[in-house]
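The chain contents come next:
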Amino acid sequence: MHVLVLGAGQLARMMALAGAPLNIEISAFDVTSETIVHPLTKAVIGHGLDNAIHTADVITAEFEHIPHDVLDICEKSGKFLPTTQAIKAGGDRRLEKALLDAAGVKNAQYTIIQTREDFDAAIDQVGIPMVLKTALGGYDGKGQWRLKDQQEVDRIWAEMAEALASHNQAIVAEEFVPFTREVSLVGARGKNGEVVVYPLAENIHVDGVLSLSTAIDEPQLQAQAKQMFTAVAQSLDYVGVLALEFFDVNGELSVNEIAPRVHNSGHWTQQGAETCQFENHLRAVCGFPLGATQQLRPTAMINILGQDQVDSSLMATSGVHLHWYGKEKRTGRKMGHINVCADSQAMLFEKLQALSKVLPKAHYPAIHQITA
Ligand code: AMP
């Protein structure tokens, strides 16, 4: 099987690593340069979308901000999965909110802003505090404003008006959700409609960027999340791995956003679950049976932000696994991650505590927060 992945970042790289034992070959399409590259070495192996499509058995995506003309061409080939509708919804908060409403899953009350009048109406309707997000192009907390006070309205409007000048842009104004924590559910839906999900992960973001994900075992919350996951996946006739990010408000979940792809909060499955999310995505889109998703042992994932090396002595600790992405170093950039496994939750916490002594706060903020 030959799978073409739209996008040539770390997610395509980890799909390639997971696909090799199944004889699934991956090539990655860099949508900016229109080159086909090897997902690990990044060596150019071809040019042009038509060529890329022609040589693929299946086409999928590792990110959602893909030009719609590229998606439409892939759709026409009949080879694209999960569905272009899901990718488009993942890249446009207007479509995403409409999709969540149509699937009947709880999400923050919202309204769409295009003009100053809309903004004033949103303040009446949604109220203050309010979270404002650009409909297009936002990720990792970028393109967002928090309106906490009436006095900030003019300043925030000036900034939003600048963002609104770009083509087809809009602002989604959401009620502020007083969540107690953030969790996410990663799962897969097969071609036959079968749905499997991993245990929920509890996520700690710092400055809008994921720093730590820990798999949790909370049956009631898990059942709620699975029901919402199934509703969204079915409404899209989705095939592949999908992630839902939730706000947990005292045990009641509300969907924050969807990611129509393998997800950072599912990287722990590489060492902590029977079948990792990358393999399950490939199994789903290639039409193979889905792999078991049960957790093997307590596991957490720590993102490596803005560092391209760690002390190799880390690798001497059992249960600690390094995953580098081979990217050029930039401040705050996701450069790799560390999966940490243990025999019990208490031992996992001890390992995270020990790691916080050697991994600096600037690059690994959440382990410092939880062990402080
Ligand atoms: P997002 O890009 O939508 O995931 O937002 C980035 C982060 O902002 C989330 O992980 C939350 O911590 C926070 N956030 C987003 N939307 C809301 C909301 N409606 N209420 C409270 N916090 C929010």
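Look a little higher up for the structure.
How each quantity is defined
Residues numbered from 1 in each chain as written. Predicted model: local features only at pLDDT ≥ 70, side-chain atom pairs only at ≥ 80, totals over all residues. Heavy atoms only, no water. Helix = DSSP H or I, 4+ residues; strand = E, 2+ residues; numbered from the N terminus. Rg over C-alpha atoms; globule rule 2.2 N^0.38 Å. Buried < 20%, exposed > 50% of the residue type's maximum accessible area, 1.4 Å probe, protein only. Contact = heavy atoms within 4.5 Å. Areas by Shrake-Rupley, 256 points an atom, 1.4 Å probe, with all protein chains shown as cover. Lys, Arg positive; Asp, Glu negative; His and termini not counted. Charge placed at Lys NZ, Arg CZ, Asp CG, Glu CD. Pairing = 2+ DSSP bridges. Axes fitted to C-alpha atoms, helices over the stretch in contact; angles between N-to-C directions. Arc of directions from axis to C-beta. Salt bridge = Lys/Arg side-chain N within 4 Å of Asp/Glu carboxyl O. Phe/Tyr/Trp six-rings, centres within 6.5 Å; stacked < 30°, edge-to-face > 60°.

*Asks:* Is there a simple way to think about the overall build of the chain in this case?
*Replies:* Check the secondary structure of the chain and you find 12 helices and 18 strands. Taking 372 residues into account, the globule formula puts the C-alpha radius of gyration at 21 Å, and the chain, at 20 Å, falls close to it. Principal-axis analysis of the C-alpha atoms gives the chain an extent of 55 × 55 × 40 Å. In the chain, which comprises 372 residues, the proportion classed as buried is 56%. The contacts in the chain between residues at least 6 apart in sequence include a share of 60% that link residues at least 24 apart. Accessible surface, the chain as shown: approximately 16000 Å² in total, 49% of it carbon and sulfur. Averaging the positions of the 30 positive and the 43 negative side-chain charges in the chain gives two centres separated by 4 Å.

*Asks:* Would you mind showing me how to read the sheet that holds strand β4 (residues 44–47) here?
*Replies:* The strand order across the open sheet built from five strands is β4-β3-β2-β1-β5, with neighbouring strands paired in mixed fashion. Across the chains shown, the open sheet's two edge strands, defined by having one partner strand only, are β4 and β5 (58–61). Along the sheet, successive strands turn relative to each other by an average axial angle of 30 degrees, direction set aside. Summarising the sheet, strand β1 (residues 2–6) and strand β2 (residues 25–30) pair through five bridges and their orientation is parallel. Bridged to V3 within β2 is I26. Across the face of the sheet, helix α1 (residues 10–19) comes into contact with β1, β2 and β5 while running at roughly 170 degrees to β2.

*Asks:* I tried to follow helix α3 (residues 68–76) on my own but got confused; where do I start?
*Replies:* Each α-helix winds once per 3.6 residues, and so residues spaced three or four apart point in a common direction. Of all the positions in α3, only V70, L71 and C74 are classed as buried. The buried residues of α3 occupy an angular sector of 95 degrees when the element is viewed end-on, so they sit on one face. More than 90 degrees from the buried face of α3, the exposed residues found are D69 and K76. Where the residues of α3 are buried, they touch β1, α2 (49–55), β5 and α4 (84–90). With its phi angle positive at about 75 degrees, G78 sits one or two positions after the end of α3.

*Asks:* When you look at the pattern of salt bridges in this model, what are you seeing that I'm missing?
*Replies:* Where side chains of opposite charge bring their charged atoms close, a pairing between them can arise. One pass over the full model with this rule turns up 15 salt bridges. When the shortest N-O distance is used, the salt bridge between R261 and E64 registers 2.6 Å. Of this pair, R261 sits in the loop between β15 (252–259) and α9 (269–272) while E64 sits in the loop between β5 and α3, and the two are 197 residues apart along the sequence. Per residue, the accessibility class of R261 equals that of E64, and both read buried. Put simply, D154 and R116 hold a salt bridge, and the shortest N to O gap is 3.0 Å.

*Asks:* Whenever I open this one, the packing of aromatic side chains confuses me. Can you help?
*Replies:* Aromatic ring pairs are defined here through the distance separating the ring centres and the angle between the ring planes. One pass over the structure, following the stated rule, counts three aromatic pairs. Aromatic pair Y198 and W268: ring centres 6.2 Å apart, planes at 80 degrees, arrangement edge-to-face. Linking Y198 in the loop between β11 (195–197) and β12 (201–206) with W268 in the loop between β15 and α9, this pair joins segments that are 70 residues apart in sequence.

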